[in-house]
Every structure is written in structure tokens, then in C-alpha cells.
Amino acid sequence: MTRSDPAAIHWLRAGELGVGVSTETGAVVAMRHGDWGVLDRAELGRSFRLLVPTPDRRANFIDGRQQGTPICLISEDGRTVTSAWNDVVDEHGAAHLISVQTQITAHEDRIVFAIELDNTSDLVVENVYFPDLGDIRPAPSGRLDAFTYVPGTLGRYRSSIWPTFRNEAGYWGVDHPTFHCGSHAGFVPMNPMVPWMLLEDGSLGLYVGVDEPSAEPVTWFAELLPGYDDSITWRTLAGGRVPAGEAIGGHTVGVHFAAVHLPYLAAGERRALTPIAVAAYTGDWHAGADRYIRRRAAWGRPCACPPAWARDPHSWLQLQLKSQESERRVSFAELPEIAAECARHGVTAIQVVGWTEGGQDGNMPSHNPDQQLGGAEALRGAIAACQRLGVKIVLYTKFTWADRTTERFHRELISHAVKDPYGDYYQYYGYRYQTITQLLDINTHRLVPMCFLSERYLKICQEEFANLVNLGADGMLYDEAMWHGSSVCFDESHQHRLGAPVFANDREFVSRLRQTPGLPGDYLFACEAPYDLEWEAYHLGYIRSSDPDYLPVNRYLRPDGLLMTAVIGFDDRNMINQCLLYRYVISYEPFNFKGRLSDAPDTVAYGQRMDQLRVELRDWFWDANFIDTVGVAVRKSNGAAHHPYAAFRHRDGRTAVAIANYSDEPIDGLSVRIDGQSLPMRYRLVDDPEWHPVNDDLAIPPRSAAVLIPVTAVPSDQ
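Residues numbered from 1 in each chain as written. Predicted model: local features only at pLDDT ≥ 70, side-chain atom pairs only at ≥ 80, totals over all residues. Heavy atoms only, no water.

### Here we look at unusual backbone geometry
In this structure, Pro365 follows Met364 across a cis peptide bond, with omega equal to 10°. Tracing the backbone shows Pro365 in the loop between β27 (349–353) and α3 (375–388). Of note, Asp87 is a non-glycine position whose phi angle comes to about 50°, a positive value. Within the secondary structure layout, Asp87 lies in the loop between β9 (80–85) and β10 (98–106). Taking the relative accessible area as the measure of exposure, Asp87 reaches 42% and is therefore partly exposed. (Helix = DSSP H or I, 4+ residues; strand = E, 2+ residues; numbered from the N terminus. Buried < 20%, exposed > 50% of the residue type's maximum accessible area, 1.4 Å probe, protein only.)

As C-alpha cells, this is what we get:
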């Protein structure tokens, strides 16, 4: 390596992205994406920031801008800038025996930011801001949004950064309006649940994401400096207005953005943190997500292959037997009757909920069959009877929490709970069921997250899972597998370091369950809302996606993953249509998963017709590769884009399209354009098997959906 000119700015380039690094300060002082000056005020450049609490000051920060000149080296090929600081100084002037080394490297398609710390002080490094970008500017359109996906709910999360900025932190708790990646969503918004995000305006964007598979907590952070010009709108969904111009009231206006690591680096510890990739792209969110998909491919992280019985187009019923308020809807002895109804309607599986002691979400993590419903022998016999009818039984499980109301928690499980820095267990508010007493949160069962780094707790889970295997069920669906209530644990009696990431054993957990004696080879491992890397372990993910503006980011990220969504309405044509568009398995859930198929005959009839269509055209709408709207445009007669629709790429390279009309009025005059494909097309509706030519006046009735395939692919009997 050669020492650089200390006054220079060294440019690193990767694809459309250029990053300027000061070899005098080690700071990123410029960033460009074509005509977009992402960071164009060198004086706002930053290098890194650390949170290193002292005994008398928790919020004790070390800012790279306040350090001496680092040693800066440029690699011989010019593609890496390495900067090193020794014995850093905090913002109050105190020196600390902490060494920091950053390495910024240009690869062909991305620029990777890596940081390593050597902590020889007697303090703990809690937070590390890196990359730390001091001046994110809007795209040339004048807009900038933060965009990422949310496992299992809306499919995406979007928050305005410019020209409005949404404050997601209580204004009492921060100095500036602050974004931290969708904290409203009810779970910890960070890696590995949210391993990437986009800064984009719909046509240009920056991808920011972890560059290697990691359980290290990393969150995405932005703040508006100095704040709003006029605060009347700050509590609205759009957020308050970003001040016009570069200064207001003598304060510089700008957006500070960083990836924030939570390493809890102990005294005497040296560690390299998860590297972060930044890449530029042109296009909408699909082009940004493609950056993550391509990087993940290099990691070799495919989806787990489902058992044969779950690979074909099929549907489920979800049924709750009992909640923690003990209403006892269905006994185990009644399950075969319900399975017979499923068999008559071609429904493959029943997810049985609330079968354990205490009902749904009670007595966790116990998975003993409830005696009031009939006990273990009755359930085992009922499962076998359902299977003889050709219906699979998948049992609802929940291992994330312990029920704080139980004697077992206070006697045994408390020792394995996730602990905070003060030695107390974390607590989740729990779920409320049925009675006004509980709906008013008077007698709710509070839940305590359990530490999956505790070997003893993993063994407890394995013992509980063995109960399921002994019952003879066909699979389990692990509810809330995607999070742990808290991202880190501080109880060293679990044989892990302080602040260790609780997510680290998520896939190991399933690996151990697979070793259970007597486990059938075709056992289905399903879970709720798997985050991306959990797809290696689980065969099926269950989500809730009822939103007319839903974007199928989860499906786009994992086009070969088996996803199932809740269908709860009594004439729920639009959710059935959504299942067609996004290749979701139907989970029938009348009365909010407390009813039977016969309670929603209209929904089931339409769902049967849709599933039959998928069977007949599975090469196009089940086995083909989901590409969403990429390369396909569906427009209304006035030229406006139509929503929703989705495209599938057949193995021979041709494209098929599914289009839904969610409205209560007919839509006509739709036109369809497929990039690189001019083949004549034919279409049919879900509930009308007759095929029609596709031209520029395609019509779809209210609450219906059409499928379009090349004319040569229309079944010969049509």
C-alpha cells in the first residue's frame, strides 16, 4: 500500500456510484449517482461515531470529526481507502484506549464500508455509526423516501425524507426529527429482520444493506438537521416540512444518515463489524431489491424445500380451538368432522390453534394438549382420523415467549429470559382475547422474551417439540418466529457475552428440532413472517397482507418461497385475487380463524375456482418465476398505471400476467405491454373459463381477476 496525499479526496467508483473519501480526515465528503449529488457539501462529511458510556455519562459520544489526522492508506489498485485512529477522544475531551480502523472498498457493483475496533479501555462500545453520511440530499426530482420491506404485514415500509420528514421518535427523546426504520411496526426494526433499505424517489436510488449474512443488530438511522421550519404538520403521516435552502436560523439544513451497529464491544475485545454495502441503481424499488438478491445469491442461501404434499397449489383452514379466556370452541373429538368438510372442498391442511394448555398464547412455552379439549390421546386420535381423510394437521407453536402469569415462569423459565442491562427481564404487552375485561387490558397475560442463546432453553424447546412429534401431526407453524422482543441479551449466565444478539440461533433452533427422534421425513416447518435468512430453515411463511396498496416485496425477494396469507372475509374475492397475483396459499379464516369453511361459502367457492385455475395453469402461475411488475406495463384507457397486477416468467422465457380489479366497478380499456414480447395473448377470468383475445380494451368485472398467457399456451381443449 502507498501513503496518499493528505490533502486529496480519493474517488472510489462502482457502477453508477462514486464516493469521495478525504485522506486527511477519513471522512466521506462526496457521493454522486449520475446527476444526483447525494452528498455534495464536503464540510458536512463524517467518518464514524461511537457511543461509549462512562460511569457518570450514558450519552458519551466519540465523533470521528473531533479526532486527530488518521493514518490513511490507498491500495495499489486504488480501490480501497484504509483509515486508522488510535486512542480516540470523546466530545468532552477525554481520551480512550480505543483504536478504530475503517476500510472503504470499491467492488464492481457496490462500495463496501467495513470497520474494526480494538477496545483496550475499561468501557463498552455500545453503538457504532458506520457508514456515517453527514449530508444526504434529495434526488433531482426534489424527493427522497426511505423504503424497505416489513416481514409479514404491509410488505413494505416507506417514510418520506424529503421534502417532508417523518419523526418516528418521541420529540421529547431526541434533538432532531429522527427516522429509525419503521419503529411503529411493533418490532425491533433492524438486521437480520430488516437487512437492507433504500433511499429513493421511484426512479433513482441508493441501496444500503449488510454485505454478509449476520445476526449482528444493525439499524438504519436518519435525522433532519436542525429540524422543521414549521411544525404544524409534524405529527401527520407525511411528517413535517424540511426547511428550504441550506440554512435556517443560523443552522445548517441537512439530513444525516447512518447504519448503526450495536456491537456491545467489551473491554479488551477486538472485533470487525458487519460490513455495509452501498450501491446506486436506476429504476424503482425492484431495482434496489435486486441488489440484495444478487448479493444473497453469492452467500448461497436458498429456500428450504417443502415436503411434496405442500408443493402443489393448495389451501388451508386456520382454526382456533380455545383462547386464554377458555371459551373452548371445538374439542379434539370434533376435528375429524371439520377435516371431512375440508376434504369435500379440496382444502389440504388445517392449522390448529389454541390446542395447548391455557389456550392460544397462554402457558407458553408449554405445548401440552389441553385437558379441557380432550387431552393428548384424544388429540392424537383426532389427528390420525383427519389424516385418514386426506387432510394434514399442522399445529400452532410459540417458543419466543414465556407466559409471565405461570408458576413455571417464576420457578424455572425466568432464568432463561432475555435480560436488559439492569438485569431485569424484558416484557411484551401480550395479546388480548374475547372478553371486555381482557380487551381493556386488565387481565392480559404479559409475555417475556426467552433467550435462544441459552442452551438450557433450547433443550426446553426441544422437549416441548417432542410432544408435537409424538402427537403425529404433519407439521408445525411457529408463530412470531421473526423476532425476540429484544435484539440483545445481557445475562452472561446463559454463557454468552454481554449484549449478544438473540437472533444468532434462529436457524440453529430449527436444525435441532429436525433431529427429534421419530420426526417424519415429510414434516412441514412453517412460521409466521420469516425474515429473509429464515427461509433457509422454514418451508412456508404465513403472513397477513390485506391492504389494497400492498406491495409483494416478500414474494419478490423469495419468488420460490411458499407464502400463505389470511383470507377472513365472507365474500373475500379480492383477497383470493391477491393470492392469485402473488402466488400465495389461501388460509381460510372465517370469524377471524374461529369458524369453519361452511361459514364462508362464497369465499370458499371463489377460492376453489381460483385454485383450480392454478392447477390447470400451474406452469404459468405456480411454477413460473414471479417478477411482479418488472418489464410489464398495464395501463388504463387514460394512460394511468393500473394496480394491481403481477407477471410470471415461464421457464421458456415467455411471460404471463395476472391482473385484478379490486374496485366495485368494472374496468375496461386496459392495455398490456410486455418488454421484448409481442406474442398474441389470450385471457380468461377466474370465474369464467372462456378464453378471449387480448387487445387494448381488456375488461375486468368488479372484484375479479384475469390471467393472460401466450395464445400458443392456451389448453388445447379450449
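Here the narrative resumes, following the displayed structure.
### A few points about the layout of surface pockets
Considered as a void within the structure, the largest pocket measures approximately 1,000 Å³ in volume. Take the lining of the largest pocket: its biggest share by element is 4 residues, from strand β19 (residues 218–225). Residues of the lining of the largest pocket, tallied by class, amount to 16 nonpolar, 11 polar and 9 charged. (1 Å grid on protein atoms, 1.4 Å probe; cavity = no way out; pocket = protein on both sides within 12 Å on 5 of 7 lines; lining within 4 Å. Points joined across faces, edges and corners; volume = space filled by probe spheres on them. Nonpolar A, V, L, I, M, F, W, Y, C, P; charged D, E, K, R; others polar.)

### Points about the packing of aromatic side chains
Aromatic rings in a pair are described by how distant their centres are and how their planes are angled relative to each other. Inspection of the entire model under this criterion finds 35 aromatic pairs. An angle of 75° between the planes, with centres 5.9 Å apart, marks the rings of Tyr171 and Trp172 as edge-to-face. Take Tyr171: its relative accessible area is 58%, and that puts it in the exposed class. Accessibility expressed as a relative area gives 72% for Trp172, which makes it exposed. Ring centres of Tyr428 and Trp483 lie 5.0 Å apart, and the angle between their planes is 85°; on these two criteria the pair is classed as edge-to-face. Note that Tyr428 is positioned in the loop between α4 (407–411) and α5 (436–439) and Trp483 in the loop between β31 (475–478) and β32 (488–489), a separation of 55 residues in sequence. Trp483 carries the same exposure label as Tyr428, and that label is buried. Joined through ring pairs, the aromatic side chains of Tyr550, Tyr582, Tyr584, Phe621, Phe626 and Phe648 make up one cluster. Here the guanidinium or amino end of Arg49 rests over the ring plane of Phe61, the centre of that ring lying 3.7 Å away. (Phe/Tyr/Trp six-rings, centres within 6.5 Å; stacked < 30°, edge-to-face > 60°. Lys NZ or Arg CZ within 6 Å of the ring centre and 35° of its normal.)

### A closer look at the sheet that holds strand β2 (residues 9–14)
Hydrogen bonds between backbone atoms are what pair the strands of a sheet, whose relative direction is either parallel or antiparallel. Reading across the sheet, the 4 strands line up as β2-β3-β4-β5 and stay open at both edges, with antiparallel pairing between neighbours. Every interior strand has two partners, whereas the edge strands, β2 and β5 (36–39), have only one. The average angle at which neighbouring strand axes cross in this sheet is 20°, direction not considered. Pairing between β2 and strand β3 (residues 17–22): 6 bridges, direction antiparallel. Considered in β3, the bridge of Ala14 is made with Leu17. (Pairing = 2+ DSSP bridges. Axes fitted to C-alpha atoms, helices over the stretch in contact; angles between N-to-C directions.)

### Side note on helix α11 (residues 601–616)
Under the 1.5 Å per step criterion, the end-to-end length of α11 is 23 Å for 16 residues, consistent within 8% with the ideal 22 Å. Every buried residue belonging to α11 is among Thr603, Val604, Tyr606, Gly607, Met610, Asp611, Leu613 and Arg614, and all of these are buried. (Expected span 1.5 Å × (residues − 1).)

### Considerations on the side chain of Asn167
Among the structural elements, Asn167 can be located in the loop between β15 (164–165) and β16 (178–179). From its side chain, Asn167 meets the backbone oxygen of Ala169 in a polar contact 2.6 Å long. In this view, Asn167 contacts Val174, His176, Pro177, Thr178, Tyr228 and Trp234; residues no more than four positions away in its chain are not counted. (Polar contact = N/O pair within 3.5 Å; in protein donor to acceptor, adjacent residues only side chain to side chain. Contact = heavy atoms within 4.5 Å.)

By themselves these figures say nothing about function.
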